[in-house]
Amino acid sequence: MSTGENLDFFFKPESIALIGASPNPEKLSYTILESLREIGFGGKIYAVNPGYREIEGLKCYASVEEIEDEIDIAVFAVPATAVLEILRGTVENIKGAVIVSSGFRETGEEGKGMEAELKSLLKEKNIRAIGPNCLGIYDTVSKVDTFFIGSDKIERPPRNGISVLTQSGSFAAMIMDELANEGMGVARVISYGNKADIDENDCLEFLAADEATKVAVLYIESVGDGRKFLDVASRCARKKPVVALKVGKRETGAKAASSHTGAVSGMYEAYEAAFRKAGIIEVAGYEELKDACKVLSRYPPVRGKRVLIITDGGGIGISIADACEDAGLEVPGLPPEAVSRLKGSLPAFAAVRNPMDLTGNVRDEHYLAALREAFGDGYDIAIVSLLWGPPLLSEGVAEKIKEFAENSGKPVIICSPGGKFPRKMTSAFTVNGIPVFYSPESAVRAAAVLCGRKK
């Protein structure tokens, strides 16, 4: 197969044909057309369906062959049998296909036979394809959205530097919605399903050279060519962080993966060793992957693993310190000169140590003073925990901490547990682009990702 370098037309398309286009809101193709228009795709969109002459203001073609222009992406939103029937015809003007249709390998023996024919037809017609059984592409860079779940059900994240590769469409939808709801963005999300043609190796090779992608995130059920994956992943990880979640590690999950995308998971230990050798940061589960996305969308990795902890509640500071040590991070004590400076800057009631407890009488300026005087050469990351009960603490502290973080050039991670009221207050941080974590464990997981600590 070709390498990821030949996939540019998927991510810089000038034309998209929607095969199976329909004015019926109950059809997947109706939502795909809405998605393309909502994201603001600037190229040509061709509707293809022999049953209509016009759909939503677009001329409707009876077949792909009637379209005189070259088509960068043909989105197939028709039953599996129709996909094969169309590809058996004259489709010489299609460069790439996104096949959202299910009904192939994941359905059993008959489906496997259909997918084998699909592979043969794609090779014969020289068409590169994403899918089948996928959502396809959500791309904030080139304004492409082939997802057939509307924005009223999955919120679309804005542009940022995270790109996500996943066999699972439901995972793509879930992570996009959660990141968008917390003010985080993505560059590209690629849901490649059964990977009859394009797989994680092709996509990862593309992302390695993609300037819009600052971090590559992988959700993996199986890898087809392990040696190629190791080579491509190693090269990508030398350029930018690569984070991976491997699912189907155990027997039950592996069986579920097989019925989901027809994946053959293989021995988990082999994946674990490959991730380590390639320099991939492996995470243990979905929550940890989400934490990684949130923190890497804001901060680059750091070289060290020394953490400064500042809080207004002693108990949570201890919890964070314990979690840091469990994760292989260091919580070194404050240097004597920093203690001396802090005692001149903080009220007498503050506990000047690491973790630092500013207590319930804290003011906004005390957090700033603690960071300014302690977060010097001795620390690589600061975890700042704010419990919103202190009466003298205001939303203005978010802007102060944001300005400090930008000037320091080092990551400042916010940990703010609580319910409805604290979540409302922490929006002051998220609107400033600073990720907020709602438990000591999640804040420390994020810190560990930045330090490159493996799972």
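Residues numbered from 1 in each chain as written. Predicted model: local features only at pLDDT ≥ 70, side-chain atom pairs only at ≥ 80, totals over all residues. Heavy atoms only, no water.

S.K.: How do you make sense of the overall build of the protein when you look at a structure like this?
M.R.: For the protein, the helix and strand inventory stands at 16 helices and 19 strands. The C-alpha radius of gyration computed for the protein amounts to 25 Å, which stays within 12% of the reference 23 Å derived for 455 residues, consistent with globular compactness. Projected onto its principal axes, the C-alpha coordinates of the protein cover approximately 80 × 45 × 35 Å. Taken over 455 residues, the protein has a buried fraction of 58%. Here the analysis covers contacts within the protein between residues at least 6 apart in sequence; of these, 74% occur between residues at least 24 apart. Taken as a whole, the protein presents about 18,800 Å² of accessible surface, with 48% of it coming from carbon and sulfur. Charged side chains in the protein number 54 positive and 63 negative. The centres of these two groups are separated by 4 Å. (Helix = DSSP H or I, 4+ residues; strand = E, 2+ residues; numbered from the N terminus. Rg over C-alpha atoms; globule rule 2.2 N^0.38 Å. Buried < 20%, exposed > 50% of the residue type's maximum accessible area, 1.4 Å probe, protein only. Contact = heavy atoms within 4.5 Å. Areas by Shrake-Rupley, 256 points an atom, 1.4 Å probe, with all protein chains shown as cover. Lys, Arg positive; Asp, Glu negative; His and termini not counted. Charge placed at Lys NZ, Arg CZ, Asp CG, Glu CD.)

S.K.: Would you mind showing me how to read the confidence of the model for the protein here?
M.R.: Detailed reading of the predicted model is not advised wherever pLDDT is low. In the predicted model, the protein carries a mean pLDDT of 91, and the fraction of residues at 70 or more is 93%. With pLDDT under 50 throughout, residues 1-5 is counted as low confidence; its partners more than four residues away or in other chains account for 12 contacts. Segment residues 256-265: pLDDT under 50, and 31 contacts once partners within four positions in sequence are set aside and those in other chains are kept. (pLDDT = per-residue confidence, 0-100.)

S.K.: So what exactly am I meant to see when it comes to the state of the cysteines here?
M.R.: Formally, a disulfide is one covalent bond, and it connects the sulfur atom of one cysteine to the sulfur atom of another. The final tally for this structure, using the stated rule, is zero disulfides. The thiol of cysteine 203 is not disulfide-bonded; the next cysteine sulfur, from cysteine 134, is found 10 Å away. We note that cysteine 451 lacks a disulfide partner, and the nearest cysteine sulfur, in cysteine 324, lies 8.6 Å from it. Judged by relative accessible area, which is 12%, cysteine 451 ranks as buried. (Disulfide = S-S within 2.5 Å.)

S.K.: Would you explain the pattern of salt bridges in this entry?
M.R.: It is possible for side chains bearing opposite charge to pair when their charged atoms get close. The full count for this structure, using the stated rule, is 24 salt bridges. For arginine 88, the salt bridge goes to glutamate 117, with nearest N and O atoms at 2.8 Å. With a gap of 29 residues between them, arginine 88 in helix H3 (residues 80-88) and glutamate 117 in helix H4 (residues 109-125) connect regions that are remote in the sequence. Each member of the salt-bridge network shares a partner with another, and the members are Arg128, Asp197, Asp202 and Lys228. (Salt bridge = Lys/Arg side-chain N within 4 Å of Asp/Glu carboxyl O.)

S.K.: Sorry, what's going on with unusual backbone geometry here?
M.R.: With the exception of glycine, the majority of residues adopt a negative phi angle, and the majority of peptide bonds are in the trans configuration. Looking along the chain, the bond that leaves glycine 131 and enters proline 132 is cis, with omega of 0°. Its place among the elements puts proline 132 in the loop between strand S7 (128-130) and strand S8 (136-139). Between asparagine 354 and proline 355 the backbone carries a cis peptide bond, its omega angle lying at 10°. In this fold, proline 355 is placed in the loop between helix H12 (336-345) and strand S16 (356-357).

S.K.: Whenever I open this one, the packing of helix H5 (residues 169-181) against helix H10 (residues 286-296) confuses me. Can you help?
M.R.: The description of two helices packed together rests on the angle between their axes and the distance between the axes. It is at 11 Å that the axes of H5 and H10 come closest, and there the two elements cross at 50°. Taken together, the axis directions place H5 and H10 in an arrangement best described as oblique. Helix-helix and strand crossings are classified by hand; for H5 and H10 the assignment is right-handed. For the pair formed by H5 and H10, the contact residues are Phe171, Met174, Ile175, Glu178 and Leu179 on the first element and Tyr286, Leu289, Lys290, Cys293 and Lys294 on the second. In terms of residue class, the contact of H5 with H10 is made up of seven nonpolar, no polar and three charged. (Axes fitted to C-alpha atoms, helices over the stretch in contact; angles between N-to-C directions. Parallel < 35°, antiparallel > 145°, perpendicular 65-115°, else oblique. Left-handed = near helix turned anticlockwise from the far one by under 90°. Nonpolar A, V, L, I, M, F, W, Y, C, P; charged D, E, K, R; others polar.)

S.K.: Got a minute to help me understand the nonpolar core in this structure?
M.R.: The nonpolar side chains of a soluble globular protein tend to be buried with one another. With 87 residues, the main nonpolar core has Tyr367, Ile383, Val412, Ile413 and Phe429 as its most contacted residues. Contact partners of phenylalanine 429, with chain neighbours within four places excluded, come to Leu386, Trp388, Val397, Ala398, Ile401, Ile414, Ile434 and Val436. Among the nonpolar cores identified, the runner-up in size contains 49 residues, and Phe41, Phe206, Ala216 and Phe275 belong to it. (Core = buried A, V, L, I, M, F, W, Y, C linked by side-chain atoms within 4.5 Å.)

S.K.: Please explain the sheet that holds S7 as it appears in this structure.
M.R.: Pairing between sheet strands relies on hydrogen bonds along the backbone, with the strands arranged either parallel or antiparallel. Here seven strands make up an open sheet; going across it, the order is S3-S4-S2-S1-S5-S6-S7 and the pairing mixed. For this open sheet the edge positions go to strand S3 (54-55) and S7, each flanked by a neighbour on one side alone. Sheet analysis places strand S6 (residues 94-99) next to S7, joined by three bridges and oriented parallel. Residue alanine 97 lies in a different strand from S7, and its bridge partner there is alanine 129. Helix H2 (residues 28-39) contacts strand S1 (15-19), strand S2 (44-48), S3, strand S4 (58-61) and strand S5 (71-76) of the sheet and is inclined by roughly 160° relative to S1. (Pairing = 2+ DSSP bridges.)

S.K.: Where do I start with the packing of aromatic side chains in this structure?
M.R.: Given two aromatic rings, their pairing is described by the distance between the two centres and the angle made by the two planes. According to the stated counting rule, one finds 10 aromatic pairs in the structure shown. Ring geometry for phenylalanine 10 and phenylalanine 11: centres 6.4 Å apart, planes at 55°, overall tilted. The same class applies to phenylalanine 10 and to phenylalanine 11, which are both buried. Of the aromatic side chains, those joined through ring pairs into one cluster are Phe9, Phe10, Phe11 and Phe206. Sitting over the face of the ring of phenylalanine 437, lysine 294 holds its NZ or CZ atom 4.5 Å from the ring centroid. The ring of phenylalanine 375 carries lysine 410 above its face, with NZ or CZ at 4.6 Å from the centroid. (Phe/Tyr/Trp six-rings, centres within 6.5 Å; stacked < 30°, edge-to-face > 60°. Lys NZ or Arg CZ within 6 Å of the ring centre and 35° of its normal.)

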